[in-house]
Amino acid sequence: IITELRPDNWVNVNGQSRNFTAEIDMPEIDDYVNEHHGVLVYVSFGNRTYEQIPQVYNGVSYSYYTEPGQLVMELQSSDGTSTVSPPGSMTVKIVLIESI
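Along each chain, residue indices are assigned from 1 in the same order as the chain's sequence is written. Totals for whole chains, interfaces and linings use every residue, but because this is a predicted model, local features are given only for residues with pLDDT of at least 70 and side-chain atom pairs only at 80 or more, for both listing and counting. For the side-chain quantities, the full set of heavy atoms in the structure was used; hydrogens and water were omitted.

*Asks:* I'd like a rundown of the nonpolar core, residues and numbers included.
*Replies:* L5, W10, I24, L71, M73, M90 and V92 are the most contacted members of the largest nonpolar core, which totals 21 residues. Secondary-structure elements contributing two or more residues to this core are β3 (19–26), β4 (38–44), β7 (60–67), β8 (69–77) and β9 (90–97). The criterion used for residue contact is that any of the two residues' heavy atoms lie within 4.5 Å. In contact with L71, other than residues within four places in its own chain, are A22, E23, I24, M26, V39, V41, Y64, Y65, T66 and I94. The definition of a nonpolar core used throughout is a set of buried Ala, Val, Leu, Ile, Met, Phe, Trp, Tyr and Cys residues joined through side-chain atoms within 4.5 Å. Relative accessibility under 20% of the residue-type maximum defines a buried residue, over 50% an exposed one, and the middle range a partly exposed one, all with a 1.4 Å probe and only protein chains included. Strands here mean DSSP runs of E at least two residues long; helices mean DSSP runs of H or I at least four residues long; both are numbered from the N terminus.

Right, dumping it as structure tokens:
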């Protein structure tokens, strides 16, 4: 599943510009998928090169979590004290892996 995130998709979590989240609607992640399957996430910052998250890129820590109906991307300062800005537009590739 390929989707785009724009800068205005990010919400400042604590008002201190250290943590942001962006929700992606994912009807494909129902209760069963959320409990039993795997979800991998890759991001590209416009250069068609995808990097798997979680990871740290330019001092910003990228991670995610899933719950039924959505995938939530998180970014925060990698040192926990610096302020960060939401990235420019990014392409997000979401891979759902069936578990037996």
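*Asks:* Quick rundown of the pattern of salt bridges? Include the residues and the values.
*Replies:* Any Lys or Arg side-chain nitrogen located within 4 Å of an Asp or Glu carboxyl oxygen qualifies as a salt bridge. Inspection of the entire model under this criterion finds one salt bridge. Of the charged contacts in the structure, one is a salt bridge between R6 and D8, with a shortest N-O distance of 3.2 Å. According to the relative accessible area criterion, R6 is partly exposed, its value standing at 43%. Accessibility expressed as a relative area gives 57% for D8, which makes it exposed.

*Asks:* So what about the sheet that holds strand β6 (residues 55–57)? Which residues, and what values?
*Replies:* Only strands that DSSP links by at least two bridges are regarded as paired with each other. Read from one edge to the other, the open sheet built from five strands follows the order β2-β3-β8-β7-β6, with strand pairing classed as antiparallel. Of all the strands in the sheet, just β2 (11–12) and β6 have a single pairing partner and so form its edges. Taken together, the three bridges between β6 and β7 define a ladder with antiparallel strand orientation. Paired with Q55 across the strands is Y62, a residue of β7.

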